[in-house]
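Residue-level structure breakdown
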Amino acid sequence: MTSIAFATCSAHPAGIDDDQLAAELVGAEFRVWDDEGVDWDAYDLVVVRSVWDYTTKLETFLAWADAVGHERLRNTPELLRFNSDKRYLTQLDAPTVPTMLLEPGDPMPGYDTEIVIKPTISAGARDTGRFMPAAARDAAALVERIHGTGRAALMQPYLPGVDIDGERAVVFFGGEISHVLHKRPVLRDPGVAPLATGAHSPAAIMLEPDLVVVGTASPEQLELAQRVHAEITARFGEPLFARVDMVPGPDGAPVVIEIEAIEPMLYLELTPGAAERFAAAVRAL
């Protein structure tokens, strides 16, 4: 009988509610990823789930992933490393949000349209802001703050289509589309997104109960999601799970804003059958 662990973080040692049914269906135990008392060798399969603090200790997390190993960890350490740094947006063949990479020491360039600044290593819209040209000083201050932590920053145009359509996310389990999600806009106001209270908290707006709902995707969005999934599969092998987040691009056609292959909320509770499909994908490994 396969012994399975779902890796979580110390803030949620028993896992998050959304993962409970899937864990029960496969007989998985929740284990905190950086708990030195856990014997990871006791498990045949380790599934990365709510490791929501990994961005604050990334090298430790990646070393842990390597130690668990390519054969037992899903998603694999190679995919986790790739997905942990948003530089990947500049490396994909598929269309993405136009992205300029600002390494530590790079000056803040001038701009004449509304932009978004975010770190290359972050989650939950932390240290992320939206700035008009008149707020260039505030944008530069955020870039400086990001650089001060040793991280690079991304500079992207703010895409007005997001205000109308939000984000669409296509969720894959075992190479098959499971469900589609619709997220309302996150950066609704200029400036840096306020954080919720508590350690490692996301932007406050990420905790709104109706931020994400069940959605639909257009043929163009589905085609792009499948193209991105095929691209990462060709590079890293088929992921157990992946979420491809898209927004309307400068010309209205969908572009990738993020790939989530480490610790995404899968919103299994929103979609009937989603937890069962995820469990089936885990059992098929």
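Residues numbered from 1 in each chain as written. Predicted model: local features only at pLDDT ≥ 70, side-chain atom pairs only at ≥ 80, totals over all residues. Heavy atoms only, no water.

1. Things to note about the pairing of strand β2 (residues 29-32)
Every second residue of β2 is oriented toward a common face, the buried set being Phe-30 and Val-32 and the non-buried set Glu-29 and Arg-31. Across four bridges, the pairing between strand β1 (residues 4-8) and β2 is parallel. Counted as the bridge partner of Phe-6 is Phe-30 from β2. Between β1 and its parallel partner β2, the chain crosses via helix α1 (residues 20-26), and the hand of that crossover is right-handed. (Buried < 20%, exposed > 50% of the residue type's maximum accessible area, 1.4 Å probe, protein only. Helix = DSSP H or I, 4+ residues; strand = E, 2+ residues; numbered from the N terminus. Pairing = 2+ DSSP bridges. Right-handed = clockwise from strand over helix to strand, strands pointing away.)

2. Focus on the nonpolar core
Counting 26 residues, the largest nonpolar core has Ile-4, Phe-6, Val-47, Phe-173, Leu-268, Phe-278 and Val-282 as its most contacted members. Elements supplying a minimum of two residues to this core: β1, α1, β3 (45-48), β9 (167-173) and α7 (274-283). For this core, the element with the most residues is α7, which contributes six residues. In this structure, Val-170, Leu-224, Phe-236 and Ala-242 belong to the second largest nonpolar core, which totals 21 residues. (Core = buried A, V, L, I, M, F, W, Y, C linked by side-chain atoms within 4.5 Å.)

3. Concerning the sheet that holds β9
Spatially, the five strands line up as an open sheet ordered β12-β10-β9-β13-β14, and their pairing is antiparallel. Sheet topology places β12 (212-214) and β14 (254-260) at the edges, where each strand pairs with a single neighbour. Strand after strand, the sheet turns through a mean of 30 degrees between neighbouring axes, direction not considered. As paired elements, strand β10 (residues 176-183) and β12 share three bridges and run antiparallel to each other. In the strand pairing of β12, Leu-181 is matched with Val-214. Here helix α6 (residues 219-236) sits on the sheet in contact with β9, β10, β13 (241-248) and β14, set at roughly 45 degrees to β14. (Axes fitted to C-alpha atoms, helices over the stretch in contact; angles between N-to-C directions. Contact = heavy atoms within 4.5 Å.)

4. A closer look at the environment of Asp-19
Here Asp-19 lies in the loop between β1 and α1. Judged by its relative accessible area of 1%, Asp-19 falls in the buried class. For the pair formed by Asp-19 and Met-265, sequence separation is 246 residues and the distance between their alpha carbons is 8.9 Å. Those residues within four positions of Asp-19 in sequence are excluded, and the remaining contacts are Phe-6, Phe-30, Arg-49, Ser-50 and Leu-268.

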